[in-house]
Amino acid sequence: MENNTLLARWMASELSESELRELKNSPEYPTLQRIKKQFTLLESPRTNDAGILEEILNTPKSAAKKAIPLYRKTWFAAAAMVVILFGIGLFFYNQPEQLTAAYGKTYAFALPDQSQVLLNAGSKARYKSKSWVNNRDIELDGEAYFKVAKGKKFTVSTPSGKVAVMGTQFNVRSRGKRLDVVCYEGKVSVNCNNQSVILSRGQKITFNNGVTSGMTTTKAIVPEWTHAQLVFENENLAAVLKELERQYDIVLKTNATSAQLFSGSIPGDNLDAALKILCATYHLKVEKIDSGFSLSPI
Amino acid sequence: MGNTELQGICTEPVFTKFFKKHFYALRNYLYFKFGNDDLADDIAQEAFVKLWVNCIEVQHPKAFLYRVANNATLNQIAYQKVVLKYAENHQQNQLDYADPGFLMEEEEFRKKFDAAIASLTEAQRTALLLNRIEGKKYREIAEMLGISMKAVEKRIHGALVHMREQIDHFR
């Protein structure tokens, strides 16, 4: 059997007469014929073809293909892991910085562009340090004095409104529903309740519940609280007491109510003097109690 | 492959017809190659899914099918022995012959035959079984395997020579 396709052609009945005669005379022929016959007893293997077809037809045309080999699954898991880790990393990377001045303390810090912020007692500020240079936006809850380095727009967001500047010094105070902004240098744009006001040096504005009575002026060149003077203008007694609680880290209780608004200055570093001023103004007497002081009408 | 048929493969009736015509050839080709039922099902299914999902772009569905199947990487798959399936009525036929000696001889030959198939190379076995069990012509097998028809004939000839030697050797 030198011809290396002879038996293939024999199976396919393609042999010439002489080739076939020669093969039939060979001693191998009986076994070959039996092999050929044995194949006719075999059946084509079957499987659940209907189920497979149904699964295929149920695959959406745009969907990812069914990945079967193990290496693809591990590859996919690895890729998913990378994406997840990247996401987690990005999440932490973009976490804002949060700075807090506790009651009775102030807290000074510099922003990444060397702008200076001085937080008054009981105030919080949040900003994103990673994207700071391109997005100078700081969230403020409380009061702070800003010295802004020259650069892109600088925004202070408070619950009451937004203050936007280019490069300047100003004070923002956001307490409850009241927003006070004072400009000490440059120009400040204040946006509150869809009203926009531009303050120049020495001007200040107060929004109470989104309503303003207009701009007023000040001669101060820095906020009084930065040298321990608490200046109030048409402030109600409750707000004044709240501010004293923050500045001195004490508890003040009172059953006094007064419609009289307070305007004036109270020391931020002398509790006795501060309470005396209030008592004289509102006709109150002070009593020491466990948690702090009680103020009651005389 | 005409244009109308190209678009037709995306519709369920045409795809179903195409599937019925080609599924077992592909699936059993993979089975003869790897000897693994589940693997053959999975790879065949994957190839048809790819055809279904990409039906718009595919120009030659049959060639596409075998290309996908042949490209399947199978490093981790342990080869298993191909289990030949005998027709049910084979047993019935045997009962017709009352001679127990004949039955025994028949059974013995069957064992030798199965062993001889198992001792073939993967290339020989795949080509031979596609021809003998699936009834594929040498030209069709050449197309499936991506080799020449002459190469298919050589494989089948080699397979038969080897089987004959195996069987006669143990006689």
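### Observations regarding the overall build of chain A
Helices and strands together make up the secondary structure of chain A, namely seven helices and 20 strands. Put simply, chain A has 298 residues, and 42% of those count as buried. Considering only contacts within chain A whose residues lie at least 6 apart along the sequence, 39% involve residues at least 24 apart. Surface summary for chain A: the accessible area is close to 16600 Å², and the carbon and sulfur share equals 54%.

### Some details on the pairing of strand S10 (residues 178-185) of chain A
Residue and element names in this part refer to chain A. Along S10, seven of the eight residues are buried, which leaves the element largely enclosed by surrounding structure. Here strand S9 (residues 169-175) folds back onto S10, and the loop between the two strands holds two residues, one of which, Gly176, carries a positive phi near 60°. Looking at chain direction, S10 and strand S13 (residues 203-208) are connected through five bridges and run antiparallel. Residue Val181 lies in a different strand from S13, and its bridge partner there is Ile205.

### Notes on a nonpolar patch on the surface
All names here are of chain A. A contiguous nonpolar surface patch, about 650 Å² in accessible area, is contributed by Met81, Ile84, Leu85, Ile88, Phe91 and Phe92. Along the chain, Phe92 falls in helix H5 (residues 70-93). The class for Phe92 is exposed, based on a relative accessible area of 56%.

### Topic: the nonpolar core
Formed by 73 residues in total, the largest nonpolar core has its most connected members in Phe39 of chain A together with Phe15, Leu26, Phe48, Phe113 and Leu128 of chain B. At 12 residues, the largest contribution of residues to this core is made by helix H2 (residues 12-34) of chain B. Non-local contacts of Phe113 of chain B, meaning those with residues more than four positions away in its chain, are made with Ile35, Gln38, Phe39 and Leu42 of chain A together with Leu84, Tyr86, Met163 and Ile167 of chain B. Counting 30 residues, the second-largest nonpolar core is a separate cluster that includes Leu99, Ala101, Ala125 and Val188 of chain A.

### Focus: the packing of aromatic side chains
All names here are of chain A. Applying the stated criterion across every chain, the model contains 21 aromatic pairs over all chains. Aromatic side chains Phe146 and Phe170 sit 5.0 Å apart centroid to centroid with 20° between the ring planes, which places their arrangement in the stacked category. With a gap of 24 residues between them, Phe146 in strand S6 (residues 136-147) and Phe170 in strand S9 connect regions that are remote in the sequence. Since its relative accessible area comes to 1%, Phe146 is described here as buried. Judged by relative accessible area, which is 0%, Phe170 ranks as buried.

### Describing the sheet that holds strand S20 (residues 292-297) of chain A
Residue and element names in this part refer to chain A. Taking strand neighbours across the sheet as the criterion, the three strands line up as S17-S20-S19 in an open arrangement whose pairing is mixed. Single-partner strands in this sheet number two, and they are strand S17 (251-254) and strand S19 (284-288). Going across the sheet, the axis of each strand differs from the next one's by a mean of 25°, ignoring polarity. Alignment of S19 against S20, held across five bridges, turns out to be antiparallel.

### Re the interface of chain A and chain B
If you look at the interface, chain A gives 42 residues, while chain B gives 54 residues. With both chains or domains summed, chain A and chain B bury close to 4900 Å², and 65% of this area falls on carbon and sulfur atoms. Counting across the interface, chain A meets chain B through three salt bridges. Notably, a salt bridge pairs Glu106 of chain B with Arg34 of chain A, separated by 3.2 Å at the nearest N-O pair. On inspection of chain A and its partner chain B, the count reaches 16 residue pairs in polar contact (both at pLDDT 80 or more). Secondary structure elements with two or more residues in the side of chain A that touches chain B: helix H1 (6-11), helix H3 (29-39), strand S1 (42-43), helix H4 (49-57) and H5 of chain A.

Thresholds, definitions, all that
Every chain's residues receive numbers from 1 upward, in the order its sequence appears when written. Each chain takes a letter, starting from A, and each ligand takes a number, starting from 1, following the order in which they are written. Per-residue local features are limited, in this predicted model, to residues with pLDDT of at least 70; the limit for side-chain atom pairs, both in listing and counting, is 80 or more; totals at the level of whole chains, interfaces and linings are taken over all residues. Calculated side-chain values reflect all of the structure's heavy atoms, with hydrogen atoms and water omitted. Helical segments are the DSSP runs of H or I of at least four residues, strand segments are the runs of E of at least two, and each set is numbered from the N terminus. For each residue, the accessible area found with a 1.4 Å probe, counting protein chains only, is set against the maximum for its type, and the residue is called buried under 20%, exposed over 50%, and partly exposed in between. Note on contacts: a residue pair qualifies if any of its non-hydrogen atoms lie within 4.5 Å across the two residues. Residue burial considers only the protein chains on display, and all accessible areas are found by Shrake-Rupley using a 1.4 Å probe. At least two bridges found by DSSP between two strands are what make those strands a pair. Patches in this entry comprise residues that are over 30% relatively accessible and not in a salt bridge; like charges within 9 Å are linked, as are nonpolar side chains (Val, Leu, Ile, Met, Phe, Trp, Tyr) within 5 Å. Put simply, a salt bridge is a Lys or Arg side-chain nitrogen that is within 4 Å of an Asp or Glu carboxyl oxygen. Buried residues of nine kinds, namely Ala, Val, Leu, Ile, Met, Phe, Trp, Tyr and Cys, make up a nonpolar core once their side-chain atoms join them within 4.5 Å. Between rings of Phe, Tyr and Trp, where Trp is taken as its six-membered ring, a pair exists when centres lie within 6.5 Å; planes separated by under 30 degrees are stacked, by over 60 edge-to-face, and by other angles tilted. Convention adopted: a line fitted to C-alpha atoms gives each axis, helices being fitted over their contacting stretch, and angles between N-to-C directions are expressed from 0 to 180 degrees. When two parts are put together, the accessible area they lose, computed with a 1.4 Å probe and summed over both, is reported as buried area. What qualifies as a polar contact is a pair of N or O atoms within 3.5 Å, subject to a donor-acceptor requirement within protein and to the restriction that residues adjacent in sequence count only when both atoms come from side chains.

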